[in-house]
Every structure is written in C-alpha cells, then in structure tokens.
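Topology and contacts: notes
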Amino acid sequence: MENRVSSKENRIYRECQRLTRKKYRDREERYLIEGENLIQEAIEYGADLDRLILREDWSQSTDFPVRYYVMDRKLFDTLAQTETSQGILGIVKKRSCRKDELPMLLSHRNVVVLDRLQDPGNIGTIIRTAEGAGYGAVICLKGTADVYSPKVVRAAAGSLFRMPIVTVASEQNLFELIRSLEKRLVVTCLEGDCIYYDVNLTENIALVIGNEGNGASRSLIDQADVRLRIPMKGALESLNASVAAGILMYEAMRTK
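My aim in this report is to walk through the structure given alongside it, one point at a time. (Residues numbered from 1 in each chain as written. Predicted model: local features only at pLDDT ≥ 70, side-chain atom pairs only at ≥ 80, totals over all residues. Heavy atoms only, no water.)

Here's the deal with a nonpolar patch on the surface
To keep it simple, the criterion reads: Nonpolar side chains (Val, Leu, Ile, Met, Phe, Trp, Tyr) within 5 Å and like charges within 9 Å form the patches, drawn only from residues with over 30% relative accessible area and no salt bridge. For accessible areas, the Shrake-Rupley method is used with a probe of radius 1.4 Å. Any residue's cover is judged against the shown protein chains and nothing else. When a carboxyl oxygen of Asp or Glu is within 4 Å of a side-chain nitrogen of Lys or Arg, the pair counts as a salt bridge. Only DSSP runs of H or I with at least four residues qualify as helices, and only runs of E with at least two residues qualify as strands; both kinds are numbered from the N terminus onward.
The grouping of Met-232, Leu-236, Leu-239, Val-243 and Ile-247 at the surface amounts to a nonpolar patch, some 370 Å² of accessible area in total. By the element assignment, Leu-236 lies in the loop between β12 (226-229) and α10 (241-249).

Written out as structure tokens, the structure is:
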C-alpha cells in the first residue's frame with residue numbers, strides 16, 4: 001500500500017526538507033539524490049538507500065527494494081533540485097569510512113585532497129574523475145564545500161556511492177593522515193620544481209587540488225614532497241580546478 005504525503009506537516013516531507021540544508025545532512029549523515037538513473041545506480045551498487053519519494057504523477061514501475069512514498073506535486077516540487085525533475089527522490093545514508101580502515105583500503109593507491117574547493121561542479125567532477133583514474137579515496141580539508149550538496153551529487157554521477165570520502169579538520173590532521181598512509185604529498189603550484197609528466201604519479205601519492213581562487217595553501221606547498229606544475233601556453237596562469245585534476249589524476253593510468 002502506498003504512503004501518501006499531502007501536507008507540509010507530514011514527517012516525511014519535513015524529513016526531506018531538512019536534508020536540503022547542510023547542517024542537517026551533517027547531523028543525520030544522510031542526503032538526497034534525484035533522478036531515475038541515480039536511483040537505479042544507488043540500488044545497483046548497494047548504497048544504503050533509506051526510502052524513495054515519488055511525485056504523484058509518477059507512472060513507471062514501483063518495484064523498488066525499499067519503501068516509497070507518493071507526494072503531492074506541489075510539495076515535491078519544493079524539494080526538487082532540478083528545473084525539469086523526473087519525479088523521483090531518494091534519501092541515502094552517507095557511506096561511512098573510518099580512518100583506521102584506510103591503510104588496508106589504500107595500499108599503493110593514490111588519493112586526491114581537496115583543499116577548500118568551493119565550486120560544486122568542480123568537486124563533483126573531481127570525485128567522478130578520481131574513480132575513473134583508479135584513485136582510492138577523496139580527502140576533504142575542512143573549508144571545502146559540502147560534498148553531499150545536490151549540485152555535487154549530480155556532478156559526481158554516482159561515484160559517491162563507491163568512492164570513500166574522508167574529511168579532516170586541519171592541515172596538521174591531513175599531514176598526520178598522509179604520513180600514516182605512507183603517501184607522498186604532491187602539490188601543484190606556479191613555482192613547481194618540475195613538470196607533471198616528468199614525475200611518477202602512478203601510485204602512493206596524495207594529490208592536492210587547491211582552491212579555485214587562491215590555489216593550494218602556503219603551508220601545503222611548503223610541506224609538499226613534490227611541487228609540480230602544468231605547462232601552459234598563451235597568457236593563462238592557471239586551469240580550471242577540475243580540468244587540472246583530471247590531467248594529473250590520469251597520470252596514474254600510465255603503464256608502470
């Protein structure tokens with residue numbers, strides 16, 4: 001039997017509405033996903049899908065492995081994050097990954113570090129590219145925009161269901177974690193000592209992608225084991241963060 005949601009006072013609506021805000025996503029360790037493809041991917045890859053919300057005009061299959069609710073169109077549209085919503089939302093529990101699990105999980109594998117990135121499109125694209133390049137995890141330095149915001153979730157295109165995400169509270173915590181994982185800290189900067197393709201980036205590195213406006217922090221540059229740069233012609237001083245990340249991360253795909 002379907003469960004109908006037709007009032008803003010309904011607990012299911014209020015639950016979904018809370019999850020449109022970061023503080024509640026952090027507190028409850030859950031987030032919203034939207035769209036049929038993303039829902040199917042969550043089911044296929046065993047994401048912890050808590051429940052589904054269907055708009056009242058949903059006319060496709062309802063053979064889901066989790067409980068679903070049917071919501072009035074006007075209420076649903078206040079929750080939808082896209083202009084032409086497909087009429088389906090899901091609540092997903094964040095994938096948990098303890099720091100003590102990382103050494104075994106990341107043996108010889110690369111990780112990417114997001115140093116206070118702010119653009120959701122960049123963050124989601126980097127997460128997706130990291131998976132494609134065989135990276136083992138994404139480490140977010142405090143100050144990075146919310147990885148579970150709707151725009152990041154869409155840009156990551158399902159990679160959040162598979163890529164471990166670790167948040168560190170400070171640069172000191174980051175240094176300690178990188179040392180414990182026995183990774184080389186690699187930072188891109190204008191004063192980089194070498195060009196990226198002259199360095200072996202195939203394994204055991206922690207690649208820092210710096211803030212869109214300011215680049216990597218001075219202390220990360222100073223503590224880096226390797227400082228490198230991407231050569232550019234013309235009058236450019238830098239590339240888009242996700243473009244630079246893609247160039248560098250795919251060096252891991254080179255034959256050793």
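Regarding the pattern of salt bridges
What counts here: Relative accessibility under 20% of the residue-type maximum defines a buried residue, over 50% an exposed one, and the middle range a partly exposed one, all with a 1.4 Å probe and only protein chains included.
Taken as a whole and judged by the stated rule, the model has 24 salt bridges. A salt bridge links Arg-25 to Asp-146; the shortest N-O distance between them is 2.7 Å. Here Asp-146 lies in the loop between β7 (137-141) and α7 (150-156) and Arg-25 lies in helix α2 (residues 22-28), a separation of 121 residues in the sequence. Given the relative accessible area of 11%, Asp-146 is considered buried. Linking Arg-30 and Glu-28 is a salt bridge whose minimum nitrogen-to-oxygen distance equals 2.6 Å. Judged by its relative accessible area of 10%, Arg-30 falls in the buried class.

Section: the sheet that holds strand β3 (residues 49-55)
Put simply, the test is: We treat two strands as partners when DSSP finds at least two bridges between them. Lines are fitted to the C-alpha atoms to define the axes, a helix being fitted only along its stretch in contact, and any angle between axes, read from their N-to-C directions, falls within 0 to 180 degrees. Contact criterion: two residues are considered in contact whenever any of their non-hydrogen atoms come within 4.5 Å of each other.
Read from one edge of the open sheet, five strands run β1-β4-β3-β5-β2, paired in mixed fashion. In this open sheet, the two strands that pair with only one neighbour each are β1 (3-5) and β2 (30-34). Direction aside, the axes of adjacent strands within the sheet are offset by 25° on average. Pairing of β3 with strand β4 (residues 68-71), which is carried by four bridges, proceeds in the parallel orientation. Its bridge partner being in β4, Leu-54 is matched across the sheet by Val-70. Those strands touched by helix α1 (residues 11-18) are β1, β2, β3, β4 and β5 (88-93), and its axis lies near 105° from that of β3.

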